[in-house]
Protein chains: 2
Amino acid sequence: MGITDILNRTYVSWMDAAGPESDIVISTRVRLARNLNQLPFPHLTDEATGKQLMQKIRAALPENEEGIFRGLELVSLSQLSPLDRTILVEKHLISPEHAESNSPYRGVAVNYDGSVAIMVNEEDHLRIQCLLSGLQVNQAYKYAQTVDDKLEESLDYAFDSRRGYLTACPTNVGTGMRTSVMLHLPATAMTNQINSLIQNVTQFGLTVRGMYGEGTEATGRFYQVSNQVTLGQTEEDIINNLWTVVIQIVEQERYLRNGLLKEMKFQLEDRILRSYGLLTNARMITSNEALGLLSDVRMGMDLGIITWVNRQVLNELIVAIKPAHLQKAAGKEMDPVERDLKRAEIIKEKLTGKKQ
Amino acid sequence: MGITDILNRTYVSWMDAAGPESDIVISTRVRLARNLNQLPFPHLTDEATGKQLMQKIRAALPENEEGIFRGLELVSLSQLSPLDRTILVEKHLISPEHAESNSPYRGVAVNYDGSVAIMVNEEDHLRIQCLLSGLQVNQAYKYAQTVDDKLEESLDYAFDSRRGYLTACPTNVGTGMRTSVMLHLPATAMTNQINSLIQNVTQFGLTVRGMYGEGTEATGRFYQVSNQVTLGQTEEDIINNLWTVVIQIVEQERYLRNGLLKEMKFQLEDRILRSYGLLTNARMITSNEALGLLSDVRMGMDLGIITWVNRQVLNELIVAIKPAHLQKAAGKEMDPVERDLKRAEIIKEKLTGKKQ
């Protein structure tokens, strides 16, 4: 089963840093909200309909198919430990809310490399997510659409010819699509341009959030840009709009970095190399501090100051240092101090390539 | 000439970390103030008597002798560049006041390894210093006495049978002897015991100062303990008194370190390893920050947390990162930013053994 592999290693597809603009754009996500006709929305569902829905979706998933469908098998949340569910959150494969449930009538399906993940009975009956590395809005949409089409072959979606796809929350009605891009914007943050960025982006119907979505802080200067509007725009409009804005943000970030490098070369090199020194030497480190330092190292790689670290290693580290991944790696529950120790150990090992 | 070697390398004898208690006691210094009969004290001297004094002392120094006299040749301050005079200050071989003069009638003689240094026409006609590694008060006194005896064979000292050796400043009258010990007391400092230490030490006629003597701050938690009284005590009294007090300070420092290690092992390891990480990665670093971090690393070595650094390397670094040594190493004058860059480079090189 694909999900076991996913749970037992850090790597999933979006970490490979192979997509376009991978220096600044970590990943692109497209998510489609879908509901079945004639069945109440999840928050109104009883056991019998929950069970029925799980069965329908399990049956709709293609078996033994290759490509993006490989390994895509529906698992009940009750089959997964709380730790494993949190691991899926840390990898950005399911939502924190979904992970809190251990209902047998809620489920998750993840393909072989995590590029496709489906939540069943979260806010909607179906949330189809496609998550790729770098800036790949079109490609991610294409994959999501492929999964969507495949499911629609055997499922009857709730669709209104005027309103589009019907969803549990009215903000998703229409395309039911949310696209988002995870960006690393250290220079924009260091030069205090984030607030004006947020304002500009809002004018295009987009919103800026922290790393783990709504209500989370922007640690390590990682930001999520996503569309707000799902109604009255085609999928193509949404995609083009997001891509156009993100490319501008990326260009501005590059421009600001070069400015910093020109104006305060030594100070910037110093900051980046010190962050690397702390990461590779600390005996214990919190998640927040580590993210901030990893952000510096990442910028150092982009600017050619740190040449000996691989970008995929850094993407994996962002997730490997989270509590659930740490505890999975240690094979036991750990208190915060134990986690800080383990985190320092893993960072040192991954960055230097040396086992402690 | 011995002094050329001394000026062209960092190492002098006190840095070898071979003396007793070298983990906590960096070095021991014994200095004798002597003046010649019938000649005015230096602050009252004219050119003719200055010249006469230089000649007398040059003649009194033994030629081609081995042992501690090797290389001991009198050089006028006017023969040395301001940079070279500062280098001698940074190595603790002459006083900052002496280094400010470029008079041909003031001089310095340093033996082959810097364990003996003589200042001529500083505050007194002669200041004979012996400087050894670790806690070697007896040995340092023995060496100073040997040099003193040798000079007295041909010089007529100003000596009063009731008051002892006469000196320019009344605080030195009597034995004319000042002994001091350079200590590294991070645990005493971290646990805020320094003030009570200073009070206790004062009761024994001793005083605590920063690294470069009177009026200098205690950077990097290095402290100098020295005798205040020169009159009414024999040399043996002074030596025994200092030794007894220093041994107690050393024991207390060790006790406090073990306490820290027991109560906050991970935090202490973390602090020490982070300091090492900063020292080996920073692109630029000030002298003060470096001393603080080197102090951590030194404690880490003493506690077995850092096992791959040599104590002599660390002693040399304390001096190699000072402005004059940096500029000598670079072969040019440097502004503060250039020094911070060069300092970081040298620290990295010495600690990791890798040329940049």
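Note: the structure precedes this text.
Below you will find a few notes about this structure. Predicted, not measured: the structure shown is a model, and the values here were computed from it. (Residues numbered from 1 in each chain as written. Chains lettered and ligands numbered in written order. Predicted model: local features only at pLDDT ≥ 70, side-chain atom pairs only at ≥ 80, totals over all residues. Heavy atoms only, no water.)

1. A word on the interface of chain B and chain A
Think of interface size as the accessible area that goes away when the parts come together; that is how it is often given.
Phase 1: Facing the 17 residues of chain B at the interface are 17 residues of chain A.
Phase 2: With both chains or domains summed, chain B and chain A bury close to 1,600 Å², and 60% of this area falls on carbon and sulfur atoms.
Phase 3: The tally of links from chain B across to chain A stands at four salt bridges.
Phase 4: Among the ionic pairs, Glu269(B) bridges to Arg283(A), the shortest N-O distance being 2.4 Å.
Phase 5: Across the chain B-chain A interface, the total number found is 10 residue pairs in polar contact (both at pLDDT 80 or more).
Phase 6: Put simply, the parts of the chain that give the side of chain B that touches chain A at least two residues each are α9 (265-279) and α13 (336-352) of chain B.
Phase 7: Take the side of chain B that touches chain A: its biggest share by element is nine residues, from α9(B).
Phase 8: In terms of residue class, the side of chain B that touches chain A is built from nine nonpolar, three polar and five charged. (Contact = heavy atoms within 4.5 Å. Buried area = accessible area lost by both parts, 1.4 Å probe. Salt bridge = Lys/Arg side-chain N within 4 Å of Asp/Glu carboxyl O. Polar contact = N/O pair within 3.5 Å; in protein donor to acceptor, adjacent residues only side chain to side chain. Helix = DSSP H or I, 4+ residues; strand = E, 2+ residues; numbered from the N terminus. Nonpolar A, V, L, I, M, F, W, Y, C, P; charged D, E, K, R; others polar.)

2. Details of the pairing of strand β9 (residues 206-209) of chain A
Residues and elements named next belong to chain A.
Phase 1: A two-sided burial pattern is seen for β9, the buried positions comprising Leu-206 and Val-208 on one face and Thr-207 and Arg-209 on the other.
Phase 2: As defined by bridge partners, β9 adjoins strand β10 (residues 222-227) across four bridges and the pair is classed as antiparallel. Residue pairing in the sheet places Leu-206 in a bridge with Asn-227 of β10. (Buried < 20%, exposed > 50% of the residue type's maximum accessible area, 1.4 Å probe, protein only. Pairing = 2+ DSSP bridges.)

3. As for the sheet that holds strand β4 (residues 116-120) of chain A
Residues and elements named next belong to chain A.
Phase 1: The eight strands lie next to each other as β2-β3-β4-β5-β1-β8-β10-β9, forming an open sheet whose pairing is antiparallel. One side of each edge strand has no neighbouring strand; the edge strands of this open sheet are β2 (75-76) and β9.
Phase 2: Examined bridge by bridge, strand β3 (residues 107-110) and β4 share four bridges and lie antiparallel to one another. Each bridged residue has a counterpart across the sheet, and for Ala-109 the counterpart in β4 is Ile-118.
Phase 3: Lying over the sheet, helix α7 (residues 194-202) contacts β9 and β10, oriented at roughly 150 degrees with respect to β9.
Phase 4: Along the sheet face, helix α8 (residues 235-263) touches β1 (25-34), β8 (177-184), β9 and β10 and points at about 10 degrees away from the line of β8. (Axes fitted to C-alpha atoms, helices over the stretch in contact; angles between N-to-C directions.)

4. Here's the deal with the pattern of salt bridges
Residue and element names in this part refer to chain A.
Phase 1: Taken as a whole and judged by the stated rule, the model has 48 salt bridges over all chains.
Phase 2: Arg-254 serves as the salt-bridge partner of Asp-23, at 3.1 Å between the closest nitrogen and oxygen. In this pair, Asp-23 is assigned in the loop between α1 (2-8) and β1 and Arg-254 in helix α8, connecting sequence segments 231 residues apart.
Phase 3: With its nearest N and O atoms 3.5 Å apart, the salt bridge here joins Glu-345 to Lys-342.

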